[in-house]
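Coordinates in review
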Amino acid sequence: MKVTVMGASGRIGTRLVESLRQAGAEVVLASPTFGVNSVTREGLRTSLTGANAVIDVTNAASFGDNSALEFFRTSTRNLLAASADSGVGHYLALSIVGTPRLVESDYFRAKMVQENLIKAARRPYTLVHSTQFFEFISGVIDMAAGDDGIRLPSASVRPIAADDVAEVLTRLALEPPVNDTVEIAGPEQFALDEIARMLVAANEDMRPVITDETARYYGVELNDDTLLPLHLAHVGPIRFEDWLNQSMAS
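Let me begin by describing the structure that accompanies this report. Just so you know, these numbers come straight off a predicted model, no measurement behind them.

Attention shifts here to the packing of helix α3 (residues 67-86) against helix α4 (residues 106-120). At a minimum axis distance of 8 Å, the contact between α3 and α4 shows a crossing angle of 15°. Between α3 and α4, the angle falls in the class roughly parallel. Pair α3 / α4 crosses with right-handed handedness. In this structure, α3 contributes Ala 68, Leu 69, Phe 72, Arg 73, Thr 76, Arg 77 and Leu 80 to the contact, and α4 contributes Tyr 107, Ala 110, Lys 111, Val 113, Gln 114, Leu 117 and Ile 118.

Listed below in structure tokens is the structure:
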């Protein structure tokens, strides 16, 4: 089984490469770091030659403007075209739980465009909607920080370890495409402000976390269930406390 990982040098990509290799797959590392660019198409067709599956874990450099839309639209079109030309039999892409409910945000609107392009291509595919990564919560905290502290709503979340995301992607890549969306999440549910307090306390960060139901998440006002999966298919086993203890020790 030959699998091309597009975005192989990123947070999920590096874990995914290792997970696929442990599962016995032949892995092609594709990202600008390895001379493959899905926007300019540099090295793209070569990286897909002979691949049984491609896993798209690329990400835009910016979350807050139209550049995300341009990236996902161009990158996805190029990847789909090159995959079709190379006869790749399975196109997997990592996206985010709640994306259809978050399109008020430029970034999530761009992710929705990516998903629609994949569905419209009429190629065998699997879309994976993941909840927020444990490793991403610090970014949420930075986004919510202000002069008086960190303002976050108490919306519910089921965050997941990046290692568990990589494991699920590996399993799905080695199976036939589902031609649908699969949702994955962590084993526990938290309030967003609650898990932020836990991480802030662990890092001995003295900033207060203020519960503010009007605080926006990347420009979007959340309902309690906006960030929760609707049809949970896979649950990662790593608990937040165990991940936190390991990350603090490393």
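The discussion continues.
This paragraph deals with the sheet that holds strand β11 (residues 209-211). Note: strands within a sheet are paired through backbone hydrogen bonds, in either parallel or antiparallel orientation. Strands sit in the order β6-β7-β11 across an open sheet of three strands; the sheet is mixed. The strands lining the two open edges of the sheet, one partner per strand, are β6 (145-146) and β11. One ladder, built from three bridges, connects strand β7 (residues 149-152) with β11; its direction is parallel. Of the residues in β11, the one forming a bridge with Ile 150 is Val 209. Against the sheet, helix α5 (residues 137-144) touches β6 and β7, its axis set at about 105° to β7. Against the sheet, helix α7 (residues 192-202) contacts β7 and β11, and its axis sits at roughly 170° relative to β11.

What follows covers the pairing of strand β5 (residues 125-130). With six of its six residues buried, β5 lies for the most part within the structure. By the alternation rule, side chains of β5 split into Tyr 125, Leu 127 and His 129 and Thr 126, Val 128 and Ser 130, which are all buried. Sheet analysis places strand β4 (residues 90-96) next to β5, joined by six bridges and oriented parallel. Residue pairing across strands places Tyr 91 opposite Tyr 125, the latter belonging to β5. Assessed by its sense of winding, the connection that carries the chain from β4 through α4 to β5 is right-handed. Pairing geometry for β5 and strand β9 (residues 181-185), over four bridges, is parallel. In the strand pairing of β9, Ser 130 is matched with Ile 184.

Before going further, it helps to spend a moment on α4. For α4, which comprises 15 residues, the first-to-last C-alpha distance of 21 Å matches the rise-based estimate of 21 Å (1.5 Å per residue) to within 8%. A side-chain oxygen of the first residue of α4 lies 3.2 Å from the backbone nitrogen of Tyr 107; this N-cap is Ser 105.

Here we come to unusual backbone geometry. You will see that Asn 179, though not glycine, has its phi angle at about 55°, which is positive. Structurally, Asn 179 is set in the loop between α6 (162-173) and β9. Exposure remark for Asn 179: the relative accessible area of 42% places this residue in the partly exposed category. Phi at Tyr 218 is positive, roughly 50°, even though this residue is not glycine.

Criteria and thresholds
Residues numbered from 1 in each chain as written. Predicted model: local features only at pLDDT ≥ 70, side-chain atom pairs only at ≥ 80, totals over all residues. Heavy atoms only, no water. Axes fitted to C-alpha atoms, helices over the stretch in contact; angles between N-to-C directions. Helix = DSSP H or I, 4+ residues; strand = E, 2+ residues; numbered from the N terminus. Parallel < 35°, antiparallel > 145°, perpendicular 65-115°, else oblique. Left-handed = near helix turned anticlockwise from the far one by under 90°. Contact = heavy atoms within 4.5 Å. Pairing = 2+ DSSP bridges. Buried < 20%, exposed > 50% of the residue type's maximum accessible area, 1.4 Å probe, protein only. Right-handed = clockwise from strand over helix to strand, strands pointing away. Expected span 1.5 Å × (residues − 1). Polar contact = N/O pair within 3.5 Å; in protein donor to acceptor, adjacent residues only side chain to side chain.

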